[in-house]
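So the chains spell out like this:
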Amino acid sequence: MIFKRVGVGRPYPDHGLTSKGWAAVPPRQVRLDQLVTTKDTLQLSSLLDEDSTFFGDLFAHVVLWRGDYYLEDGLHRALRAALQQRNVLHARVIRMEG
């Protein structure tokens, strides 16, 4: 199993972070098997595109809410890490109360 669970949607309230807000959060390593996805589909072309993060954040965005780590942005990065047989992902993690 790659992820803890495949979810659909964000169960946590809106955090209000913009791209600039996310950029201020220092990245850290998160184990793939701790992550709950917030999307259940992906674009294969994005998964295979080496430049898919060219205009975006290099790090995935994760929300820690009620004890679970929700992968808000970075599903393609996480799957690429798994395909490369890595079990961790560098992500920006915010903690929300809930």
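Values in this document were obtained by computation on a predicted structure and should not be read as measured data. (Residues numbered from 1 in each chain as written. Predicted model: local features only at pLDDT ≥ 70, side-chain atom pairs only at ≥ 80, totals over all residues. Heavy atoms only, no water.)

### Brief notes about the nonpolar core
In terms of nonpolar packing, the biggest core is built from 16 residues, with F3, L35, V62, Y69, L71, L89 and V93 touching the most fellow members. Elements with a contribution of two residues or more to this core: β4 (60-65), β5 (68-73), α3 (75-83) and β6 (88-96). Looking at which element gives the most residues to this core, the answer is α3, with four residues. In contact with L71, not counting residues within four places along its chain, are F3, L35, V36, T37, T38, A60, H61, V62, A78 and L89. Judged by nonpolar contacts, the second largest core, of nine residues, contains Y12, V36, V63 and I94. (Core = buried A, V, L, I, M, F, W, Y, C linked by side-chain atoms within 4.5 Å. Buried < 20%, exposed > 50% of the residue type's maximum accessible area, 1.4 Å probe, protein only. Helix = DSSP H or I, 4+ residues; strand = E, 2+ residues; numbered from the N terminus. Contact = heavy atoms within 4.5 Å.)

### Topic: α3
Among the residues making up α3, those that are buried are L75, R77, A78, L79, R80 and A81. Q85 sits one or two residues past α3 and shows a positive phi near 60°.

### Description of the pairing of β4
The element β4 is extensively covered by neighbouring structure, given that six of its six residues are classed as buried. Of the two faces of β4, both are covered, the one formed by A60, V62 and L64 as well as the one formed by H61, V63 and W65. Summarising the sheet, β4 and β6 pair through six bridges and their orientation is parallel. Note that in β6 the partner of V63 across the bridge is I94. For β4 and β5, the ladder comprises five bridges, and the chain directions are antiparallel. Bridge pairing in β5 links L64 to Y69. Linkage of β4 to β5, two consecutive antiparallel strands, is achieved through a turn of two residues, within which R66 is found at a positive phi near 50°. (Pairing = 2+ DSSP bridges.)

### Quick look at the pattern of salt bridges
What the rule picks out here adds up to five salt bridges. One salt bridge in this structure joins R5 and D68, with 3.7 Å as the shortest N-O distance. Of the two residues, R5 is situated in strand β1 (residues 5-6) and D68 in strand β5; the sequence distance between them amounts to 63 residues. We classify D68 as buried; its relative accessible area is 13%. With a shortest N-O distance of 2.8 Å, R31 and D33 are connected by a salt bridge. Taking relative accessible area as the criterion, R31 reaches 36% and is therefore assigned partly exposed. Shared partners join several salt bridges into a network, and the residues in it are K4, R5 and D68. (Salt bridge = Lys/Arg side-chain N within 4 Å of Asp/Glu carboxyl O.)

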